[in-house]
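# Observations on the three-dimensional arrangement
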Amino acid sequence: MKLTNQELNILAILDENHRVSAKSIAMQLEMTEENVNKLIKKLEEEKVIVSYPTLIDWNKIEGKETIVAMIDVKVTPQRGVGFNEIAEQIYRYPEVRSLYLMSGTYDLSVTIEGKTMQEIALFVSNKLATIENVVSTTSHFMLKKYKHDGVIIEGEEDKDRRMVVSP
Amino acid sequence: MSIDYQQYLSTTAMRLEPSGIRKFFDLAASMDDVISLGVGEPDFITPWNIREFAIEALRSGQTAYTANAGLLELRQEISNYLNRRFQVEYQPENQIIVTVGASQSLDLAFRAILNPGDEVLIIEPAFVSYAAIVTMAGGVPIRVETNADNGFKVTPDQLEEVITSKTKAILLCSPNNPTGTSLNKDELTAIAAVVEKHDLLVVSDEIYAELTYDQEFTSFASIPSMYERTILVNGFSKGFAMTGWRLGFLAAPRELISVMVKIYQYTTMCAPTMLQMGAIEALRNSSEQVEKMRQSYWRRRNFTVQSLNRIGLECHTPGGAFYVFPSIKKSGLTSEEFAQGLLQEEKVAVVPGNAFGASGEGYIRCSYAASIEQIEIAMNRIGRYMESLVRTKNTVLEEVK
Ligand SMILES: Cc1ncc(COP(=O)(O)O)c(C=O)c1O
C-alpha cells in the first residue's frame, strides 16, 4: 500500500502520541480538521491503524500489580498449515497478550500477564503445555519494564535540562 | 583600602551592552513551573549514536590536542558535508577550521578581517552576540533595521544606504534568529550584487541551514562569484542538537583561513578532541535523524503560527530556524512589559523583541523547540493573557469616559 505524504505525516504524529486532537493535527500539517478526520477513518478502515494503545503502568497502582512472563514454545508444525493452527489455539486464550512466530531455537514467543506467578504457572502447565504438538515451554518472568513499545517508562532523558531562557 | 576597579578595566569591555536575553533570563530563572518558549536550542537530546562515538573516543584514550584546525578526518567530513548538502567545495587541509561553536567562528572571522574603525553591517533584529563580537574585534557595528512588512528581509537599497568607505563586511544570518526569516536564492543574489559592487566580504552565519521548511537552503558561498568573498560559519548546535558540545566550523578562502588559524593557535589551540570524534559520526550517520527533527519542527512551526494568529498576535510564517516573531503591538505594551507580564501572570517565558535590537521592539520571540503539548498549553495561556489585557484596557477606557 502506498500512502500520501499527508497520511504518513498523520501516522507519524499519532505514533508519537495517539491522544492528540484532530484539530492539533490539522494545525500541525496545515490541513482542515475535516480532512484529517477523513484520512484517519480511512487508515482505520484499511487496518493501517490497528488500535490505539493505552500504556498503563499497572505496577504503580496498589492492588493492580501484574506479573508478565515471556514463554518460549517449541512445537511440531502440522502438515499443510504449518504453525498457524497451533498459533490460533494459543492466541484465542484471553491470558495471551501477544504471540509471535520466531526464527531460532524456539518457534513461538508467548507473552502472558497475570496477577501472580502461580496464575501464570497454572496457565502454562494446564493450557499451553497440553496443546497437541507443543513440545516444550521455557518461561521467563519479566522483572522490570524500562521501555515498552518505544516508550521509555521512566527515563532520565525526559527531563528538560535547558535553561529557561537562552540565546 | 578600596580599589577603583574601573581604572583597570578595558573600556571596550565596559561599554558592551548587557545582553537583553541575560537580563530576562535572571527573572525567568527565579520562578518555578515556567513553560518556556524562551530557549534558543533544540529540545532533542543529541542522537545516541553521536554520543556513543564520543564516549568511545574518551574510553579509548583520545585525550590529547588535535591539529589547530581540528582533526583532519573531521575536516574531511565537513568538506564532504558542505559539498553534499550545499554544493560548495572546500579543501579540508587549508580551508576549514573546527571551532568551539559557531560563536567562536564569528569571533575568529572578525578578528581576522577587522582593523579599528572598520564597519560591519548587521541586519536587525539579530542574534544577540553579533554587535558585541564586532565591537570586541575593534570594528563598528552598523545596524540595518528590517521590518515585518516584508518579512524582516533586508533589501539591497537598505544596504546601499548605509555602506560607506569604511564598510568592510556584511554579517548575514539566514535562517535568522530571532525572526526565522530565510532568504531565498534570488534575494541572496540581489545582496551579492551590492557586495560585489562595493568590494565587501560577507560573514554568512548558516547555523540554521538544516532547519528550513518551505524551500531548499541556499548557502551564500554558492551564489556566483560570492565564494571568494564569503566566510561561511556553521556548526553542530542546532541541526544536530549539539548545543552543549560547543562545536562549530568555518570555511573560507585559504588566505583568510590561514590568518584565522594563526589567531586560533594562540587563543584556543583546538576544539575538544573526543567531541570532535562525535562530530565525525554526526556528519557520517545522522542525516535520517536530522531530517526527523526537522519534520518535527516543521509541524510545530505550523501549529505555533496558526495559534498565535488566532489569538490575534500577528505573525508571519518564518521559513527556518525554530523561532516565530509575532507582533505584540496590539497589546499597547512594550515588548519587555509584555514578556514580563506574561511571565508573572501566566508563567510563560518568551524573549522580548528589543533584546535583538531596536527594530525588535513591538515583538516577542517564541521558540517552538518544545513539545506540542507544552506549546498548546503556552498558547492557551498567552490567549488568556491577551484577553486580560484587553479587559484591563477597556476598564481603563470606561473610567476615562
Ligand atoms: C544565529 C546564531 N548564530 C550562532 C549561534 C551560536 O551557536 P553555537 O552554539 O554553535 O556557538 C546561535 C545560537 O543561538 C545563533 O542563534
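Right above here is the structure, for reference.
All of the points below concern the structure found in this document.

Procedures and definitions
Residues numbered from 1 in each chain as written. Chains lettered and ligands numbered in written order. Predicted model: local features only at pLDDT ≥ 70, side-chain atom pairs only at ≥ 80, totals over all residues. Heavy atoms only, no water. Pairing = 2+ DSSP bridges. Helix = DSSP H or I, 4+ residues; strand = E, 2+ residues; numbered from the N terminus. Near = heavy atom within 4 Å. Polar contact = N/O pair within 3.5 Å; in protein donor to acceptor, adjacent residues only side chain to side chain. Areas by Shrake-Rupley, 256 points an atom, 1.4 Å probe, with all protein chains shown as cover. Nonpolar A, V, L, I, M, F, W, Y, C, P; charged D, E, K, R; others polar. Patch = residues over 30% accessible without salt bridge, like charges linked within 9 Å, V, L, I, M, F, W, Y side chains within 5 Å. Salt bridge = Lys/Arg side-chain N within 4 Å of Asp/Glu carboxyl O. Buried < 20%, exposed > 50% of the residue type's maximum accessible area, 1.4 Å probe, protein only. Expected span 1.5 Å × (residues − 1). Arc of directions from axis to C-beta. Contact = heavy atoms within 4.5 Å.

We now examine the sheet that holds strand S11 (residues 351–352) of chain B. Residues and elements named next belong to chain B. The strand order across the open sheet built from 3 strands is S9-S12-S11, with neighbouring strands paired in antiparallel fashion. Looking along the sheet, the strands with just one partner apiece sit at the ends: strand S9 (323–324) and S11. Where S9 and strand S12 (residues 364–367) come together, 2 bridges link them in antiparallel fashion. For Tyr323, the partnering residue across the bridge sits in S12 and is Ser367.

What follows is about the site of the ligand. As a structural note, the neighbourhood of the ligand is formed by 14 residues, with Ala102, Ser103, Asp205, Ser237 and Lys238 of chain B the closest of them. At the site occupied by the ligand, nearby residues are drawn from chains A and B. Here an oxygen atom of the ligand and a backbone polar atom of Pro167 of chain A are 3.5 Å apart. Between the ligand and Arg246 of chain B, the relevant distance is 2.7 Å, taken from an oxygen atom to a side-chain nitrogen or oxygen of the residue. In isolation the ligand offers 400 Å² of accessible surface; the protein chains occlude 95% of this area. Looking at which element gives the most residues to the shell around the ligand, the answer is helix H5 (residues 101–113) of chain B, with 3 residues. Taken together, the residues of the shell around the ligand break down into 7 nonpolar, 4 polar and 3 charged.

Take a nonpolar patch on the surface next. A surface patch of nonpolar side chains, amounting to about 550 Å² of accessible area, comprises Ile3, Tyr5, Tyr8, Leu9 and Met14 of chain B. Note on placement: Ile3 of chain B falls in the segment before helix H1 (11–15).

Before going further, it helps to examine the pattern of salt bridges. Tallied over the full model, the rule gives 22 salt bridges over all chains. As a salt-bridge pair, Glu113 of chain A and Arg97 of chain A come within 3.2 Å of each other at their nearest N and O atoms. Residue Glu113 of chain A is found in strand S3 (residues 108–114), and its partner Arg97 of chain A is found in strand S2 (residues 96–101); the two are separated by 16 residues along the sequence. Under the relative-accessibility criterion, Arg97 of chain A is labelled exposed at 59%. Lys197 of chain B serves as the salt-bridge partner of Glu160 of chain B, at 3.0 Å between the closest nitrogen and oxygen. Within this pair, whereas Glu160 of chain B is found in helix H7 (residues 156–162), its partner Lys197 of chain B is found in helix H8 (residues 185–197), the two being separated by 37 residues in sequence. What makes Lys197 of chain B exposed here is its relative accessible area of 59%. One salt-bridge network, in which partners are shared between bridges, spans Glu7, Lys42 and Glu46 of chain A.

This brings us to H8 of chain B. Residue and element names in this part refer to chain B. With 13 residues, H8 extends 18 Å from end C-alpha to end C-alpha; this agrees with the ideal 18 Å at 1.5 Å per step. What H8 keeps buried is the set Leu188, Ile191, Ala192, Val194 and Val195. For H8, the angular spread of buried residues about the axis comes to 160 degrees, placing them on one side. Projecting away from the buried face of H8 at angles above 90 degrees are the exposed residues Asp186 and Lys197. Residues of H8 that are buried in the fold lie against H7, strand S5 (167–173) and strand S6 (201–205).

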